[in-house]
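# Structure at a glance
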Amino acid sequence: MSEDVWSAQDTNPDAIEAALRELLRERHAANEALAPARVINLIVIVDREWKGEIANRLERAGRYHGSRTVLCAVEEGRTTLDAVATVSYQEPKGAALGVMHESVEIDLGPSHLRALQTICDPVLVSELPTVLWSPHGHPEAVDAICPLVDVMLLDSDDIDDPSDAFARAERLRKHAYIVDLAWLRTTPWRERLAATFDLPERVDALRDIEELEIRHRETSMASALLLAGWLSSRLHWERSHLRLWDGRLAAGEPEGDGEVVVSLHTAEQEAPGLAGVTVVTGDGTALSLQRGEGGLDAVERDSDGEERGWKILGASRGEGGILGEGIRQALLRDSTYLPALKAAHGLCPA
Amino acid sequence: MSATSPLSAADTENPLVEGLERLPVHPTSLVIFGATGDLAHRKLLPAIYNLAHEGQLPERFEVIGVGRRTHEDEEFRDTVTDSIERFSRRRPDPNVLEGLLNEARYVQGSFDDDNVYSELARELEEFDRSAGRPLDRVFYLSTAPEFFPMIAAKLGAAGLNRADRASVRIVIEKPFGYDLASARTLNAQLLEVFEEQQIFRIDHYLGKETVQNLMALRFANALFEPVWNRNYIDHVQITAAEDIGIGGRAGYYEHSGALRDLVQNHMLQLLALLTMEPPTAFDADRLRDEKLKVLEAIVPPSVDEVEAMAVRAQYAPGVVGGVEVPGYREEDGVARYSRTPTYAALRLHVSNWRWAGVPFYLRTGKRLARKLTEIAVVLKQIPHVALQSSGSVGIQANQIVFTVQPDEGVSVSIGAKIPGTRMRIRPVNMEFRYGTSFLSESPEAYERLILDAMRGDATLFTRNDEIEALWGIIDPILEAWDADKTSTIPQYEAGSAGPREANALLDDGRMWRRL
């Protein structure tokens, strides 16, 4: 990967934008086969001391990058703007086309945050959708920049209390489309549950689910609730708050007629997200999916108690992959997230 | 929580599917005939691995290879592992690879051997037993086409063409026949054993993103469709140029030639997608009905008309990419006086209300100046030129160019003012390239098509009546060329843009686009 770099201290947005434009012009003049990516703008607001870690996470996002990434690093006491603009590219071979990505790192101070829109707006590529990711909070900056933003990247697993996380997502979704990384961590599980019940002989069993058990890493309760919320919203379950039943957090009453017992358990695992799901239907059939190497380990127990196991193949994306998937999802629209979010919020312990 | 679901007993739709990007695929056993062949190793098996890697295969998925080479199951797995490691578009994850292949089976034998089919039936039943339910079955015939009827018949005789509570499908790859008569025979032979809905005929061009995007651009934009007719379009050029020769495929190519190899299938499919009427819905039969209608509107030439509307040629020695290359007749395995065309160019007309009078020029060839597949839609000149002044190339007809390879994308040429004090106009391009406008890579066509076949979605596959319509257009040309045993076959220098004779197909001052 090659890079063209410009930097300045005590600069301003117009100068940054002019520098980027010039970098692109010079590179295109040197090699006409290089063209700038034009997919999305990505604004990232971070604490300056963690800038490197966030840059690494973005690096690990694989092939999904902002076409123009604007990283705003907030530094206590700073009153001026310093900036580094970079155009990165791989020289194309033969007749192929090469793609250039642009990134800007702006060091700014807390006093800039209330007017962050006026700093970012001139630096964005107009007419591209703009995605905001603010992993370290900075709600005043998020509020300030809302009018510029089409999509907000959140991670409901980042907030200790899922109820607060869901309230935040519900509030912000009024301003922009929400892509929630906690929701994306449930994607393979949702796909597999959907596939399992897609068989004609199984689709009716969806009406007959009696127990749903979700195992999750301790820090990923929001993901677990979103999965429960998804099933609840898709299957129109009437919800009650989760309560402690026999030491587990559960909704519904065991042995209750027409009740679905939802329970969440924490599990030891390195990767954020879910560890396993078990669905039990009225005739005693149980399907259990458990995270394993090279995919999910599935075990089905039929009503006679006979068990069958198999592997559902799929490589883990890893956390870098989840962030990349979040960036990719910014261009799509998932109509099932919001109902799942509301249902998950309804399940949160009162 | 109360399960007071308003889902009624009549609901058979799966409510969990909504919003998912990847639609469920039912548990499947995939049987690959010709599993030790080149296509299986370079394309199919790596595509299947990539589907597994991305979690797109069905929850239960089993592979059985059938081939003539002697292999034990374990040896077969080793060979497949080697192919995937060599040809996969991503480095394989060892756990996924092991999971994919640890139950893979190999059935050895000749395709005409009844024992192969009884052993296959045993293996399939064992997979069903292990799954506790019948798995859907897909038979992928990655073999020479002469085996298609035999394998289909043997599958039928063994009762493998149907299954209780499971779907059975058969996938075949082009060529679908050698001419109209043989295509009809093949269709009849397949339909004796399988229903048309069970037969998936792959033209891998249809799995390419740009080809599917032809429909998106036409039917998802108000910009193009209003001009998509004889009133605004002057002509269309469809080019499928290759810079390579025939390589080691002389045996195949001597019997096929350029017309059968690319025009009868890929290029006419592109023409159909470009010219068809909008389908009322994007489903397999409605889309294919529209393609069929427009193919039937292409009036085949009479044998006497062929000379005026079709050109064939062979590549002569030349230089490609700075390297001297032999002519076609000097290639290994090619007859010294071979009359097989390595280049074909046609002028076709679509005789319907929308396209009357618009010529469609198709050309394909090997050992041309560069590798390029594109569709260029050339609009008519503007009726009155008020702006043009001297000192520039002036106003030129707008062109909409769909590039299928090497860089998938679309460009639109428009006239723009050259900066300066005078009103001088020259064409500039507005470009859309997948690489700059989308974050994700285009999946391999085979990945998409294998998945669609397992899901039973035939939208991107060719129906029997389409195949016959395609051959119906080409047959008279083949007949005329085959009947002509004496005239000289034009030669073009390898590395050039093709034979001069092809220029004669274009009239009214039109020219082939530069490769």
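Report on the accompanying structure.

The rules we used
- Residues numbered from 1 in each chain as written.
- Chains lettered and ligands numbered in written order.
- Predicted model: local features only at pLDDT ≥ 70, side-chain atom pairs only at ≥ 80, totals over all residues.
- Pairing = 2+ DSSP bridges.
- Helix = DSSP H or I, 4+ residues; strand = E, 2+ residues; numbered from the N terminus.
- Axes fitted to C-alpha atoms, helices over the stretch in contact; angles between N-to-C directions.
- Parallel < 35°, antiparallel > 145°, perpendicular 65-115°, else oblique.
- Left-handed = near helix turned anticlockwise from the far one by under 90°.
- Contact = placed C-beta atoms within 7 Å.
- Nonpolar A, V, L, I, M, F, W, Y, C, P; charged D, E, K, R; others polar.
- Expected span 1.5 Å × (residues − 1).
- Buried ≥ 20, exposed ≤ 12 C-beta atoms within 10 Å, placed from the backbone.
- Arc of directions from axis to C-beta.

Residues and elements named next belong to chain B. A sheet is described by the order of its strands in space; here six strands give the open sequence β3-β2-β1-β4-β5-β6, paired in parallel fashion. In the strand order of this sheet, the two ends are held by β3 (105-108) and β6 (199-202), each with one partner. The average angle at which neighbouring strand axes cross in this sheet is 20 degrees, direction not considered. Summarising the sheet, strand β2 (residues 61-67) and β3 pair through four bridges and their orientation is parallel.

Turning our attention to the packing of helix α7 (residues 209-219) of chain B against helix α8 (residues 250-275) of chain B. Residues and elements named next belong to chain B. At a closest axis distance of 9 Å, the pairing of α7 and α8 adopts a crossing angle of 20 degrees. Taken together, the axis directions place α7 and α8 in an arrangement best described as roughly parallel. Two packed elements cross with a definite hand, and for α7 against α8 that hand is right-handed. In this structure, α7 uses V211, L214 and M215 to contact α8, whose residues at the interface are L270, L273 and L274. Class assignment of the residues belonging to the contact of α7 with α8 gives a composition of six nonpolar, no polar and no charged.

Residue and element names in this part refer to chain A. Relative to the 26 Å expected for 18 residues at 1.5 Å per residue, helix α1 (residues 13-30) spans 26 Å between its end C-alpha atoms, a close match to the ideal helical length. Here α1 has its buried residues at I16, A19, L20, L23 and R27. Projected onto a plane normal to the axis of α1, the buried residues spread over an arc of 100 degrees and lie on a single side. Exposed and oriented more than 90 degrees from the buried face of α1 are D14, R21, R25 and A29.

This next bit is on the sheet that holds strand β11 (residues 343-349) of chain B. All names here are of chain B. Strand order across the open sheet formed by nine strands is β16-β15-β14-β13-β7-β12-β11-β8-β17, with mixed pairing between neighbours. At either end of the open sheet lies a strand with only one pairing partner, and these are β16 (425-433) and β17 (491-493). If you compare each strand with its neighbour and ignore which way they point, the axes differ by 20 degrees on average. Bridging between strand β14 (residues 399-405) and strand β15 (residues 409-417) involves five bridges; their strand directions are antiparallel.

The next point concerns the pairing of β15(B). Residues and elements named next belong to chain B. Hairpin connection between β14 and β15: a loop of three residues separates the two successive antiparallel strands. As defined by bridge partners, β15 adjoins β16 across nine bridges and the pair is classed as antiparallel. Bridging from a neighbouring strand, S411 pairs with E431 of β16.

With that settled, the discussion passes to the interface of chain A and chain B. Residue-level contacts link 57 residues of chain A with 43 residues of chain B. Where the side of chain A that touches chain B is concerned, the elements lending two or more residues are β2 (34-36), α7 (187-196), α8 (200-203), α9 (221-234), β16 (295-301), β17 (307-313) and α10 (318-329) of chain A. Among the elements that take part in the side of chain A that touches chain B, α7(A) stands out by supplying eight residues, more than any other. The residue inventory of the side of chain A that touches chain B, partitioned by class, reads 30 nonpolar, eleven polar and 16 charged.

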